[in-house]
Amino acid sequence: MAGAKHILTNYDRREALSLSQAAFLANRTVETVRGWAANRDIGRKVAGRWAVSHPCLLMLLESDQAALEAYWAGDRQSEIVTKYFQRAGVPVKGAA
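Structure report, in brief.

**Concerning helix α3 (residues 54-61)**
Inference 1: With seven of eight residues buried, α3 is to be regarded as a mostly interior element.
Inference 2: For α3, the full list of buried residues reads His54, Pro55, Cys56, Leu57, Leu58, Met59 and Leu60.
Inference 3: Buried residues belonging to α3 abut β1 (16-17), α1 (19-26), α2 (30-39), β3 (49-53), α4 (65-72) and α5 (79-88).
Inference 4: With a side-chain oxygen positioned 3.2 Å from the backbone nitrogen of Cys56, the residue opening α3 is Ser53.
Inference 5: In the segment just after α3, Ser63 is the residue with positive phi, at about 55°.

**Quick look at the packing of aromatic side chains**
Inference 1: If you walk through the whole model with that rule in mind, you get one aromatic pair.
Inference 2: We note Lys5 situated over the ring of Trp72; from NZ or CZ to the ring centre the distance is 4.0 Å.
Inference 3: For the cation-ring pair, Arg76 lies above Tyr71, with the distance from its terminal atom to the ring centre recorded as 3.6 Å.

About the criteria used
Here the residue index of a chain counts from 1 through its sequence in written order. With the structure being a predicted model, the display of local features is reserved for residues of pLDDT at least 70 and the display and counting of side-chain atom pairs for 80 or more, all residues being used for whole-chain, interface and lining totals. As a rule here, side-chain values cover all heavy atoms of the structure and leave hydrogens and water aside. Note on classification: 1.4 Å probe, protein chains only; a residue is buried when its accessible area is under 20% of the maximum for its type, exposed when over 50%, partly exposed between these limits. The secondary structure listing takes helices from DSSP runs of H or I that are at least 4 residues long and strands from runs of E that are at least 2 residues long, numbered from the N terminus. Note on contacts: a residue pair qualifies if any of its non-hydrogen atoms lie within 4.5 Å across the two residues. Nitrogen and oxygen atoms within 3.5 Å of one another constitute a polar contact, given that in protein one can donate a hydrogen and the other can accept it, and given that sequence-neighbouring residues count only through two side-chain atoms. Classification of ring pairs uses Phe, Tyr and Trp, with its six-membered ring standing for Trp, and accepts pairs whose centres are within 6.5 Å; under 30 degrees between planes counts as stacked, over 60 as edge-to-face, and the remaining range as tilted. Over a ring means this: the NZ of a Lys or the CZ of an Arg is within 6 Å of the ring centre and within 35 degrees of the ring normal.

If you want it as C-alpha cells, here you go:
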C-alpha cells in the first residue's frame, strides 16, 4: 500500500501500551488517548483492542512531527526515531 503508515508493524508487545497505560503516562483520559491513537496515528487495533506505540506517544507529547513522520515511513534506525525507542525501553528492530 503506497503511503500506508507503519504503526506497530512487526508487532512487538514491548512497544505497545494499553490505552490506560498510555493515558497514565500522558496524564490524559483514556478517551483522549483513544482519539490520538485513531486520529493522530500513534496506535492501531490489535486483536480488537487499541494498542498505542510508546515511542510514538513520546513523539506526540513532545510535538516531534519529524520523528513521527520518520516512524510512519517505517524508519526504525535513524537517531531521530531510535532515541524515543531507547527512552521507552523498547529494543530497536530493523527498518520495516
